[in-house]
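Reading the structure
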Amino acid sequence: FFFSSRRRHTRCSGVSWVRRCVQETASLQGHTKSVWALDWDFNRSKLISASEDQTVRFWDVAKYQCINVVNAEDAISCMKYIPEYDIVVYAVLNGEMQVYNPGTKESMFALKKHEKRITDFYYDQEVKILVSSSLDKKVIYWDISKQKAVKIIGSFEHGVSGVAVV
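Residues numbered from 1 in each chain as written. Predicted model: local features only at pLDDT ≥ 70, side-chain atom pairs only at ≥ 80, totals over all residues. Heavy atoms only, no water.

**Topic: the sheet that holds strand S9 (residues 87-92)**
Read across the sheet, 4 strands follow the order S8-S9-S10-S11 without closing on themselves; strand pairing throughout is antiparallel. Whereas interior strands pair on both sides, the edge strands pair on one side only; in this sheet they are strand S8 (76-82) and strand S11 (106-112). Shown here is a sheet whose adjacent strand axes are inclined to one another by a mean of 20°, direction ignored. Direction of pairing for S8 relative to S9: antiparallel, over a ladder of 6 bridges. Bridge pairing in S9 places Tyr-81 opposite Val-88. (Pairing = 2+ DSSP bridges. Helix = DSSP H or I, 4+ residues; strand = E, 2+ residues; numbered from the N terminus. Axes fitted to C-alpha atoms, helices over the stretch in contact; angles between N-to-C directions.)

**Examining the sheet that holds strand S5 (residues 46-51)**
Strands sit in the order S4-S5-S6-S7 across an open sheet of 4 strands; the sheet is antiparallel. The open sheet has two edge strands with one neighbour each: strand S4 (35-40) and strand S7 (65-71). Across this sheet, the average inter-strand angle for adjacent strands is 20°, counted without regard to direction. The pairing of S5 with strand S6 (residues 55-60) spans 5 bridges and is classified as antiparallel. Each residue of the ladder has a partner; that of Ser-49, found in S6, is Arg-57.

**Looking at the pairing of S6**
When a strand is regular, its side chains alternate between the sheet's two faces. Along S6, 6 of the 6 residues are buried, which leaves the element largely enclosed by surrounding structure. Linking S5 back to S6 in an antiparallel pair, the connection comprises 3 residues, with Gln-54 at a positive phi of about 70°. Where S6 meets S7, 6 bridges bridge the pair, whose relative direction is antiparallel. Bridged to Val-56 within S7 is Val-70. Counted along the chain from S6 to the antiparallel partner S7, the turn is 4 residues long, and its residue Tyr-64 has a positive phi close to 55°. (Buried < 20%, exposed > 50% of the residue type's maximum accessible area, 1.4 Å probe, protein only.)

These values are about where atoms sit, not about what they do.
Written out as structure tokens, the structure reads:
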């Protein structure tokens, strides 16, 4: 799978299925602006996409259909599915994180510690910690089950554009 923020790479602002990186086999139509993040649900039956068009979309990959749309208050900068809790965490441009339950189709709670756009998420399944990076020059460790930040690493010289934990 791939997505592109440039229209010349795909026929639409959407998600394309690719076989062997050569031939496009299908496009999922629905987003009206650039797609900025993709992730799978726990059994890989649903693809989840987040977009500049202020939506998170859930796709049935067998039917190539959008089965659920979450409307956000602003463009979505990044998104992560967390299988242990069956939730989707997404960030809007002001640095706020929203936690959404696709099973109940309800927003659960919001988390706000970043002051600028969140650029990336990493979820550590062993310790069950979500890590976020931001243009506010901070990396924050989150305990989602307790709905709070547990560690803030700040004072980087520049905004942090990505995060991975080993």
